[in-house]
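Read off the chains here:
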Amino acid sequence: MSTTPVIGVLAVQGDVVEHVRALDAVGASPRTVRRPSELEGLDGLVIPGGESTVMDKLVRAFDLRTPLRAAIRDGLPVYGTCAGMIMLADRILDGAAGQQTLGGIDITVRRNAFGRQIDSFETDLVLDVLGPEPLRAVFIRAPWVEESGPGVSVLASVVREGREHPVVVRQGNLLATSFHPEVTGDRRVHAHFVRDIVGGSR
Ligand code: GLN
């Protein structure tokens, strides 16, 4: 890569600061995005975790929905964590009434899929793209992927009641994780996004 990639962090709601720190730590140049003009000149974008129902409302209120959808359609690399995964999903189950996603990844996500009693937990996941060392994955009222289309690669899953539920998916330049790598000190997912997906697209 010739210059430092500029990566936006959608900053209408959610854990923006943690992603800014993680992106900084992997050598990217993070920039918060609250208005359409701030999407210009980005090499990539992160949609943080938070609350997808609120994020959806604010994205629409800030006139970001149309430009974000256009940027995704035009191939901007985007990484969504948790609520960000929901925003990137083409279809949603257990959403709030009228809840919309931005779409882009041909998946159906189930919101709050892991249930209320165990709605937060941690586990170790091995992702081939990150090498053999397991990644500590922190799930906070997380979604899972219920169905995915043929263009989607499942990079990791969690087993519940004998069934595998994808929690890391990629389609083209779009990456999504049900969990929050920004809250652990492990920067490998951000590094993968910046070097391999953003870097590979430039
Ligand atoms: N349950 C939240 C939602 O529906 C996501 C939680 C999170 O991002 N940690 O948006």
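These numbers were taken from a predicted model, which means no experiment stands behind them.

So, how was this worked out
Residues numbered from 1 in each chain as written. Predicted model: local features only at pLDDT ≥ 70, side-chain atom pairs only at ≥ 80, totals over all residues. Heavy atoms only, no water. Helix = DSSP H or I, 4+ residues; strand = E, 2+ residues; numbered from the N terminus. Buried < 20%, exposed > 50% of the residue type's maximum accessible area, 1.4 Å probe, protein only. Contact = heavy atoms within 4.5 Å. Pairing = 2+ DSSP bridges. Axes fitted to C-alpha atoms, helices over the stretch in contact; angles between N-to-C directions. Core = buried A, V, L, I, M, F, W, Y, C linked by side-chain atoms within 4.5 Å.

Undergrad: Sorry if this is basic, but what is going on with the environment of Val 169 here?
TA: Summarising the element assignment, Val 169 is placed in strand S11 (residues 163–171). Of the residues examined, Val 169 reaches a relative accessible area of 0% and is grouped as buried. Separated by 21 residues in sequence, Val 169 and Ser 148 place their C-alpha atoms 8.9 Å apart. Ignoring any residue separated from it by four or fewer positions in sequence, one finds Val 169 in contact with Met 85, Ile 105, Ile 107, Val 145, Val 152, Ser 153, Val 154, Leu 174, Leu 175 and Ala 176.

Undergrad: Where do I start with the sheet that holds strand S6 (residues 105–110) in this structure?
TA: Across a sheet, paired strands are connected by hydrogen bonds in the backbone, their directions being either parallel or antiparallel. Spatial strand order, S5-S6-S9: 3 strands in an open sheet with mixed pairing. Among the strands making up the open sheet, the edge pair consists of strand S5 (89–93) and strand S9 (144–148). Pairs of neighbouring strands in the sheet enclose a mean axial angle of 30 degrees, with direction left out of account. Examined bridge by bridge, S6 and S9 share 4 bridges and lie antiparallel to one another.

Undergrad: Explain the sheet that holds strand S2 (residues 29–33) here, please?
TA: The strand order across the open sheet built from 7 strands is S2-S1-S3-S4-S12-S11-S10, with neighbouring strands paired in mixed fashion. The open sheet has two free edges, formed respectively by S2 and strand S10 (153–160), since each of these has just one partner strand. On average, each strand axis in the sheet is tilted by 25 degrees relative to the strand beside it, whichever way the strands run. Docked against the sheet, helix H5 (residues 188–201) engages strand S1 (6–10), strand S3 (44–47), strand S4 (78–81), S11 and strand S12 (174–177), running at close to 170 degrees with respect to S12.

Undergrad: I'm lost on the nonpolar core in this one. Help?
TA: Side chains that are nonpolar tend, in soluble globular proteins, to be buried together. With 33 residues, the main nonpolar core has Ile 7, Phe 114, Leu 125, Phe 139, Val 167, Phe 179 and Phe 193 as its most contacted residues. Listed by contribution, the elements that provide at least two residues to this core are S1, helix H1 (16–25), strand S7 (120–125), strand S8 (135–140), S10, S11 and H5. The leading source of residues in this core is H5, at 6 residues. Membership of the second largest hydrophobic core comes to 31 residues, among which are Leu 10, Val 33, Ile 72 and Leu 76.

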